[in-house]
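Listed here are the chains, written in short residue letters.
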Amino acid sequence: MTALLDVKGLNKRFGGLHAVKDVSFSLAAGAITGVLGPNGAGKTTLFNLLTGFMAPDTGIVEFDGHALGGLAPHRIVNRGLARTFQLTRPFIGMTVRENVEVACFAPRVRHEGHARARAQRFLDQVGLGAKSAIPVDVLPYGDLRRLEIARALAVRPKLLLLDEPFAGLGTSEIQPLANLIRELHRTEGLTILIIEHKLREFMQLVSEVIAMDFGEIVAIGEPQTIVRHPRVVEAYIGKTDAGLADIGRAGGDLGIA
Amino acid sequence: MVQILVYGAVISAIYAMLAVGFTLIFGVARILNLAHGSFYALGAYGVYALTADAHLPLWLAAIVAVSLVACFGIGMERVLVRPLRRSTLAVLMITLAVNLMVEQVLLLIFGSEARNVPSMVGATYHLGDVDISGQRIVALSGGIAILAALWFFMQHTRLGSAILAISQDAEAAQYMGIPSDRIYSLVMGLSAGIAAAAGVLVAPFQTVIPGMGLLPLIKAFAIVVVGGLGSIPGSIVGALLLGYTETIIAFKVSTEWSQIVSVAAVLLTLILRPAGFFGKRAAF
Amino acid sequence: MVMKPVDFYGASIAAATLALVPWLLGSNYVTGILTVALCFGIWAASWDFMSGLTGRENFGHSLFIGAGAYTAGFLNVSYGLSPWWSLPAAPIVAVAFSIVIGFPTLRLRGPYFALAMLSGAAVMQSLTIIFSEVTGGQDGLNGLYPLFDSELAQYYLTLFFLVVTVVTLKLLANSPWGTILRAIKGDEASCQAAGINVTFYKIASLMISAAFAGLGGALYAHYQLQVGPDLFAVILSINIIIMVYVGGMGSIYGPVCGALFLNLLTEGLRGLSEYRLWVYTLILIFILFFLQQGLFAPLWRRLREVAK
């Protein structure tokens, strides 16, 4: 099976900082993969490079068989690669439904018409259906995350990039969101790539993990293996003790450690 | 040739004073102060009113005028700008309103005829085969002195360092316990005072009319954009560039063409290099 | 995209009033003032469509006005064409200007875009004065012909174009265009992430704004029968922005009300013409502090609620 996303030798420097170093990996269609790494590992930069918000210094990104080099972000989206942002960025001054309607006007899906009805359906899908008419400014944080996902779904992507979807969420909000993501993966057949560093929920969601540190990929494998990989453990010990506890707990949840 | 050199230097010094004040308040408080030209005009009119009506000696009038305008700047920041801080465009509009207001007030009080302000130094000097008025020399030396004092203040005093810190990172400065609000007022006062000083220095040889602040505002903005928003060295370099380019074109081509230089420079810089040549903050 | 009935009635009443008043009063003086006010209405509405919706305030709208007006001047005076040629030509020239200045400046953030546009208009003003053999310099071009010999007929033509402007722009604002432009105001990066070509919409809306502004410029030129560099002046752009603030940004019809209000107020204060700018400035300060949503659009929205 040919890969949906093929990344080869991606590099990005910011002055003296080598944020993304020689990153190469592939994503098969229908897979749900995670990018794991401590803060500063280059995960968000990687997303920015994949989605056209930043241009790589060197490297090739092939999506759905076509190279994405130098395309503007909106064109990449219209090829079927959608993303959410780590810090949610809603369209303030508009209602929740209007926020999703905007995406319904993207060239990729514009011809389907009935933007209002479509937007409502996507909102229903993420559980925000009842809140469609309220101004987005008053939406609580957890709902804003769902809104971001609804907006990404509205362009009917083949690949969905989620940038730290669980960040800032309280414990009671995390599981429902994880369930939503799992549900979407199942029903829409989406390929999903998630950045996170909250281990437990993340490990239960993804089938493969790409572990990064200091801009490089240090390991790729299944969650159980990655959690015990020496370099991954080292990266977390080096950064926080909480991370180590998480690893232990995650391992315990998966029935390993 | 000598004329160009000297006139260019005088103009550059004045422009530098205007640009530095403009870029300071921008660098520190992110305010594009459209009332900056008003400070300049108020300085000139202030010294006129104090000498002609209140009959103060010139040197005293100059000091009082500059101080009053500095207070005006502080007042404007506290009363009009601070409440609107959340919206950069509202701040732009309110400073614009102040600019219009000041011009109208000056028109009302002093009328539209040009006013004469006596020179500080009546003598004319000869450099080579060229006559340079003493006042121009005073303006040049005054400008350099003020800029040097400002540099000293920023580099060697606690307050000056605090201001530099804020211009680089407002939030971090706040965490360090530097009271931003008070510093914004202070910097506005400083900015206003320097602009007023420029007005005071040039009043004897420039046309003193109510609308005299508009062009300097545009020039200051042009210099700051070219030199880099928030960068003091950039403003000085930009001032020299603009001052000399204008002088050269005015002498070699025509005065009308020289006026386009500044606006064209803004456009070109914003188009080609929005961060300016020394600036860290891009305009987009 | 259909107008709500209450809005339709409101707009019809307004249009009917504007149509009847000059005819009933039968004074060329009043008709003239209203014609100018309507031109300002066209300019304010066109400004609002781009800047009001996207939030990118354009401080150089006079660039398009002057471009349209001078096009009328050149065609009519320098080339002797019938004044009716100005009506299609002026928007086209204004649009050309908007493309030239729009491309490099639209990627700039708020205040910088504003001031870059202002610089563009200022450059144009200076160039107009410098190349005086072609443009007539400070004196401009004189001797334009009116479109109709009757002032009243010219007024109705201007009113017609004002209605066309407001209806077209309002329909666009209520369509996906409007939603997208408001989203651009909200967050440009998110717009990109939603698959929208932000640059296209920004330039296109500037072009549309310019087209109507240029049309207004031509109508104004054929009313005043002369064009001068003042039409590129910064103060003209600022006055229009104040009218939009008074009317209510983003509503399209609000700015028209603001334009009418301020023009009539100015005429009422004719005796105190030195105070005119005072009044405008004080009103602006008042609006900025107490009525950020403007006066007329919120007022209409209140009335609508009551009408139900």
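Note that the coordinates shown come from a computational prediction; the quantities given were computed from them, not determined experimentally.

Caption draft 1: Quick look at the overall build of chain C. Summing up its helical and strand segments, chain C has 14 helices and 2 strands in all. Its C-alpha radius of gyration of 19 Å places chain C within 12% of the 19 Å reference for a compact globule of 308 residues. With respect to the three principal axes, the spread of C-alpha positions in chain C is 50 × 45 × 35 Å. Evaluated residue by residue, chain C yields a buried proportion of 59% over its 308 residues. Considering only contacts within chain C whose residues lie at least 6 apart along the sequence, 80% involve residues at least 24 apart.

Caption draft 2: Spatial organisation of the environment of His222 of chain C. Residues and elements named next belong to chain C. With respect to the helices and strands, the residue His222 is situated in helix α10 (residues 198-224). Given a relative accessible area of 0%, His222 falls into the buried group. Considered as a pair, His222 and Met117 are 105 residues apart in the sequence and their alpha carbons are 26 Å apart. Leave out the neighbours within four places in its chain, and His222 touches Ala72, Asn76, Pro83, Ser86, Leu144, Tyr145, Pro146, Leu147 and Gln154.

Caption draft 3: Summary view of the pairing of strand β3 (residues 32-36) of chain A. All names here are of chain A. Taking burial as the measure, the 5 residues of β3 include 5 buried ones, the bulk of the element. When β3 meets strand β8 (residues 191-196), the two strands line up parallel, connected through 5 bridges. Residue pairing across strands places Thr33 opposite Leu193, the latter belonging to β8. Examined bridge by bridge, β3 and strand β9 (residues 208-213) share 4 bridges and lie parallel to one another. Within the sheet, the bridge partner assigned to Thr33 lies in β9 and is Glu208.

Caption draft 4: Geometry of the pattern of salt bridges. Going through the model one piece at a time under the given rule, you end up with 19 salt bridges over all chains. For Lys202 of chain C, the salt bridge goes to Glu188 of chain C, with nearest N and O atoms at 3.1 Å. With Lys202 of chain C in helix α10 and Glu188 of chain C in helix α9 (residues 188-193), the pair connects residues that are 14 residues apart, well separated along the chain. We classify Glu188 of chain C as partly exposed; its relative accessible area is 26%. Where salt bridges share partners, they join Glu77, Arg82, Arg85 and Asp181 of chain B into one cluster.

Caption draft 5: Structural detail: unusual backbone geometry. Residue and element names in this part refer to chain A. Despite not being glycine, Asp22 has its phi angle at roughly 50°, a positive value. Relative to the assigned elements, Asp22 resides in strand β2 (residues 17-28). Residue classification places Asp22 among the exposed residues on the basis of a relative accessible area of 54%. One non-glycine residue with positive phi stands out, namely Asp64, at about 55°. Taking the relative accessible area as the measure of exposure, Asp64 reaches 33% and is therefore partly exposed.

Caption draft 6: Expanded view of the confidence of the model for chain A. All names here are of chain A. When pLDDT is averaged across chain A, the result is 85; 91% of the residues are at 70 or more. The least confident element of chain A is helix α10 (residues 241-253), whose mean pLDDT is 49; the most confident is helix α3 (residues 96-104), at 95. This model gives residues 250-257 a pLDDT under 50, and the stretch forms 11 contacts once residues within four places in sequence are excluded.

Caption draft 7: Molecular detail of the packing of helix α7 (residues 151-174) of chain C against α10 of chain C. Residue and element names in this part refer to chain C. Following both chains from N to C, one finds α7 and α10 inclined at 175°, their axes separated by 11 Å at the closest point. In terms of orientation, α7 and α10 fall into the roughly antiparallel class. Side by side, α7 and α10 meet where Glu151, Gln154, Leu157, Thr158, Phe161, Thr165, Thr168, Leu169 and Leu172 of the first sit next to Ile208, Phe212, Leu215, Leu219, His222 and Tyr223 of the second. Looking at the contact of α7 with α10 residue by residue, the class counts come to 9 nonpolar, 5 polar and 1 charged.

Caption draft 8: Summary view of the sheet that holds strand β5 (residues 66-67) of chain A. All names here are of chain A. With antiparallel pairing, 4 strands are arranged side by side in an open sheet as β2-β1-β4-β5. Taken across any chain shown, the strands that pair with only one partner, and hence form the sheet edges, are β2 and β5. Sheet topology places strand β1 (residues 3-14) next to strand β4 (residues 58-63); 5 bridges connect them, and they run antiparallel. Residue pairing for β4: Asn11 is matched across the bridge by Thr58. Here helix α1 (residues 43-50) sits on the sheet in contact with β1, β2 and β4, set at roughly 115° to β1.

Caption draft 9: Examining the interface of chain B and chain C more closely. Every contact between the two is made by 36 residues of chain B and, on the other side, 36 residues of chain C. When chain B packs against chain C, close to 3,400 Å² is buried across both sides, 83% of that on carbon and sulfur atoms. Interface area lost by chain B to chain C is led by Leu89, Met93 and Met101 of chain B, which between them contribute 17%. Scanning the region where chain B abuts chain C turns up 0 salt bridges. Connecting chain B to chain C are 0 residue pairs in polar contact (both at pLDDT 80 or more). Those elements that provide at least two residues to the side of chain B that touches chain C are α3 (58-81), α4 (88-110) and α11 (255-272) of chain B.

Caption draft 10: Broad picture of the arrangement of the chains. The top pair by number of contacts, from a total of 2 pairs of chains in contact, is chains B and C. In this structure chain A stays clear of chain B, and the shortest span between their C-alpha atoms is 14 Å.

Caption draft 11: Broad picture of helix α11 (residues 234-247) of chain C. Between the first and last C-alpha of α11 of chain C there are 20 Å, a value that for 14 residues agrees with the 20 Å anticipated at 1.5 Å per step. Buried within α11 of chain C are the following residues: Leu236, Ser237, Ile238, Asn239, Ile240, Ile241, Ile242, Met243, Val244, Tyr245, Val246 and Gly247 of chain C. For α11 of chain C, the secondary structure elements touched by its buried residues are α4 of chain B together with α2 (28-54), α3 (62-78), α12 (253-268), α13 (276-290) and α14 (296-307) of chain C. At the C-terminal side of α11 of chain C, Gly248 of chain C shows a positive phi close to 115°.

Caption draft 12: Region of interest: the interface of chain A and chain C. Residue-level contacts link 23 residues of chain A with 17 residues of chain C. Here chain A packs against chain C, burying approximately 1,600 Å² in sum over the two surfaces, 64% of which is carbon and sulfur. On the chain A side of the contact with chain C, His74, Phe91 and Phe105 of chain A bury the most area, a combined 33% of that side's loss. Viewed at the interface, chain C and chain A are joined by 2 salt bridges.

Caption draft 13: Here's a closer look at the pairing of β2 of chain A. Residue and element names in this part refer to chain A. With 8 bridges joining them, β1 and β2 adopt antiparallel strand pairing. Across the sheet, residue Asp6 finds its bridge partner in β2, namely Ser26. Linking β1 back to β2 in an antiparallel pair, the connection comprises 2 residues, with Gly15 at a positive phi of about 60°.

What counts as what
Residues numbered from 1 in each chain as written. Chains lettered and ligands numbered in written order. Predicted model: local features only at pLDDT ≥ 70, side-chain atom pairs only at ≥ 80, totals over all residues. Heavy atoms only, no water. Helix = DSSP H or I, 4+ residues; strand = E, 2+ residues; numbered from the N terminus. Rg over C-alpha atoms; globule rule 2.2 N^0.38 Å. Buried < 20%, exposed > 50% of the residue type's maximum accessible area, 1.4 Å probe, protein only. Contact = heavy atoms within 4.5 Å. Pairing = 2+ DSSP bridges. Salt bridge = Lys/Arg side-chain N within 4 Å of Asp/Glu carboxyl O. pLDDT = per-residue confidence, 0-100. Axes fitted to C-alpha atoms, helices over the stretch in contact; angles between N-to-C directions. Parallel < 35°, antiparallel > 145°, perpendicular 65-115°, else oblique. Nonpolar A, V, L, I, M, F, W, Y, C, P; charged D, E, K, R; others polar. Buried area = accessible area lost by both parts, 1.4 Å probe. Polar contact = N/O pair within 3.5 Å; in protein donor to acceptor, adjacent residues only side chain to side chain. Expected span 1.5 Å × (residues − 1).

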